[in-house]
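Geometric and topological summary
Residues per chain, in single letters:
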Amino acid sequence: MADKRSQQARRGNRPAAKPARKRSGPGPAKPGGAAEGSSGQAPGASGKRSRGKLSANAATAAPVRELTVRNGPLPPGNAPLILEVGDEDGYRLIDSGRNAQGAGEKLELYGDLRVIRPEAQALWPRSLPDAEWNKADALFTGDTDEDGIGRWAFPHVPLGETWPMQLLGVDFHGRLTSFRHVGVFPEQIAHWRWMAEQITQANRPLKVLNLFGYTGVASLVAAKAGAEVTHVDASKKAIGWARENQALAGLENRPVRWICEDAMKFIAREERRGNRYDIILTDPPKFGRGPNGEVWQLFDHLPLMLNICRELLSPKPLGLVLTAYSIRASFYAIHELMRETMRGAGGVVESGELILRESTEAGAGRALSTSLYSRWLPQ
């Protein structure tokens, strides 16, 4: 694989489009959803995914409001709780480990596409021989830093930018982006499956808010299960991709609002409006910049974001879920923040890590940690 490790994308290969430097309004609404608001993007911004959604969904220089100080007992905690995704219909972690140059990588199967991507936490040797890795259809080359920009090389035949995918019965498009990502984070299937079960078992209409919703797969899983969904992302490009996925999934008639806006501004306005949600998913970046110099820093602004999200929970909520990537912290940091956020609300806070489990012929293989999470659940 040494020669493929350094090869550039061949002439004629279509690299993923670079994120737009500035975005205008979301344009006219399409069937199945409504667009509201707009958000630009400062060049050079980065987040935990660096996936084309460069906007920070940022806080302004002055907070949108002060933190609400709450009384009452802290909810009990269940930690660490590891949520695992293994051999799924539509996704599989085939192998992981260091290549001949000593760099960690992972070999994954997305639909019918075999993909090799950098993975710094794969500190161990590969389990499978090079012959299996050499079957990869696409290989990310260039900057291997989590926030770095690179290109895709195709060892066998040039491929298009997108390909069909399906997870949890929802059809959508995978896409090779210049930030190594492919349009879906399979470890979050653990959250999506829990959410779909809550929706189908509730026997009542439910409203779901998906903040920093990216390409909309989680929103479509919720809509397919029967919920009314509000999807918020500051990237006009990501919103457009999510709409395409809605059409591909045949869910145009399901109640999904696609909102292109700064997440902090949106939730502050929802709080003033008195709008409430039964399930809230939030997946914020580590860092980013907004169009007018706004800055989002996860550790600085996460407490207020969760503080407002609690106010947005309905009288009979089913859960508040936080996922955090690429941060140098223990899951206990967000675990205790979630407990403090839900002080006096009862229920329980579960926190830990999301992992992908290698799927081998001999059974379950090694675990690859991808992110931290914390979620509050009523009891």
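Below, the structure is looked at part by part. Please read these numbers as outputs of a predicted model, since none were measured by experiment.

1. Some thoughts on the environment of leucine 354
With respect to the helices and strands, leucine 354 occurs in strand β17 (residues 348-360). Taking the C-alpha atoms as reference points, leucine 354 and glutamate 84, separated by 270 residues in sequence, lie 6.1 Å from one another. Beyond its immediate chain neighbours, meaning those up to four positions away, leucine 354 contacts Leu83, Glu187, Gln188, His191, Thr323, Leu368, Ser369, Thr370, Ser371 and Tyr373.

2. A look at empty space enclosed by the protein
Considering all chains together, one arrives at two cavities of 30 Å³ or more under this definition. Roughly 200 Å³ of internal volume is contained in the largest cavity. Every residue lining the largest cavity is counted, 21 residues in all, and those nearest its centre are Gln188, Trp192, Asn210, Ala218 and Asp283. For the lining of the largest cavity, the secondary-structure elements that each account for two or more residues are α3 (189-202), β10 (207-211), α4 (217-225), β13 (279-282) and β16 (319-324).

3. A short note on unusual backbone geometry
The omega torsion across alanine 79 and proline 80 is -5°, close enough to zero to call that bond cis. Examined against the element boundaries, proline 80 turns out to sit in the loop between β1 (77-78) and β2 (83-85). Residues other than glycine seldom take positive phi values, yet leucine 168 does so here, at roughly 50°. Relative to the elements of secondary structure, leucine 168 occurs in the loop between β8 (162-167) and β9 (170-175). For leucine 168, a relative accessible area of 29% gives the class partly exposed. Not every positive phi belongs to a glycine, and asparagine 203 is a case in point at roughly 60°. Tracing the sequence through the fold places asparagine 203 in the loop between α3 and β10.

4. Some words on the environment of isoleucine 280
Inspection of the secondary structure assignment puts isoleucine 280 in strand β13. On the accessibility criterion, isoleucine 280 (0% relative accessible area) is buried. Sequence separation between isoleucine 280 and proline 317 is 37 residues, and the spatial gap between their C-alpha atoms is 9.1 Å. The contacts of isoleucine 280, once residues within four sequence positions are left out, are Leu209, Cys309, Leu312, Leu313, Gly319, Leu320 and Val321.

5. Section: the sheet that holds strand β7 (residues 150-153)
Taken together, the five strands give an open sheet; going across it, the order is β3-β4-β5-β6-β7, and neighbouring strands pair in mixed fashion. Of all the strands in the sheet, the pair left with one neighbour each is β3 (91-98) and β7. Averaged over all neighbouring strand pairs, the angle between strand axes comes to 25°, with direction disregarded.

6. Points about the packing of aromatic side chains
Here the structure, examined in full by the defined rule, presents six aromatic pairs. Pairwise contacts between aromatic rings join Phe185, Tyr214, Trp241 and Tyr325 into one cluster. Geometry around tryptophan 241 places arginine 175 over its ring, the cationic atom sitting 4.3 Å from the centre. Sitting above the plane of the tyrosine 277 ring, lysine 207 keeps its charged end 5.3 Å from the centroid.

7. Notes on the pattern of salt bridges
Counted by the stated rule, this structure contains 21 salt bridges. Salt-bridge contacts for glutamate 270 lead to arginine 273; the nearest nitrogen and oxygen are separated by 3.1 Å. Separated by three residues within a single helix, glutamate 270 and arginine 273 lie in helix α6 (residues 263-273), roughly one turn from each other. Classification of glutamate 270 by relative accessible area gives buried; the value is 0%. Take arginine 273: its relative accessible area is 45%, and that puts it in the partly exposed class. With a shortest N-O distance of 3.2 Å, glutamate 358 and arginine 366 are connected by a salt bridge. Via salt bridges that share partners, Asp95, Glu358 and Arg366 belong to a single interconnected network.

Reading guide: rules and limits
One numbering rule holds for all chains: residues counted from 1, following each sequence as written. Whole-chain, interface and lining totals are the exception, using all residues; otherwise, since this is a predicted model, local features are given only for residues with pLDDT of at least 70 and side-chain atom pairs are given and counted only at 80 or more. Note: side-chain values were computed over all heavy atoms of the structure, leaving out hydrogens and water. Labels follow the DSSP assignment, with helices taken as runs of H or I lasting at least four residues and strands as runs of E lasting at least two, numbered in each case from the N terminus. Two residues form a contact once any of their heavy atoms are found within 4.5 Å. Buried and open spaces are told apart on a 1 Å grid over the protein atoms alone, a cavity being a set of points where a 1.4 Å probe fits but cannot get out and a pocket being an open set with protein on both sides within 12 Å along at least five of seven lines. Residues with an atom within 4 Å of a point are the lining residues. Grid points are joined across faces, edges and corners, and a volume is the space filled by probe spheres set on the points. Throughout this description, buried means an accessible area under 20% of the type-specific maximum (1.4 Å probe, protein chains only), exposed means over 50%, and partly exposed covers the range between. Strands qualify as paired when DSSP identifies two bridges or more between them. Every axis in this analysis is a line fitted to C-alpha atoms, fitted for helices over the stretch in contact. Angles between the N-to-C directions lie between 0 and 180 degrees. Here is the rule: rings of Phe, Tyr and Trp (six-membered ring for Trp) pair when centre to centre is within 6.5 Å. Planes less than 30 degrees apart are stacked, more than 60 are edge-to-face, and the remainder are tilted. Geometrically, a charge over a ring is one whose NZ (Lys) or CZ (Arg) sits within 6 Å of the ring centre while staying within 35 degrees of the ring normal. One speaks of a salt bridge when a side-chain nitrogen belonging to Lys or Arg is within 4 Å of a carboxyl oxygen belonging to Asp or Glu.

The values reported here are purely geometric and, on their own, carry no functional implication.
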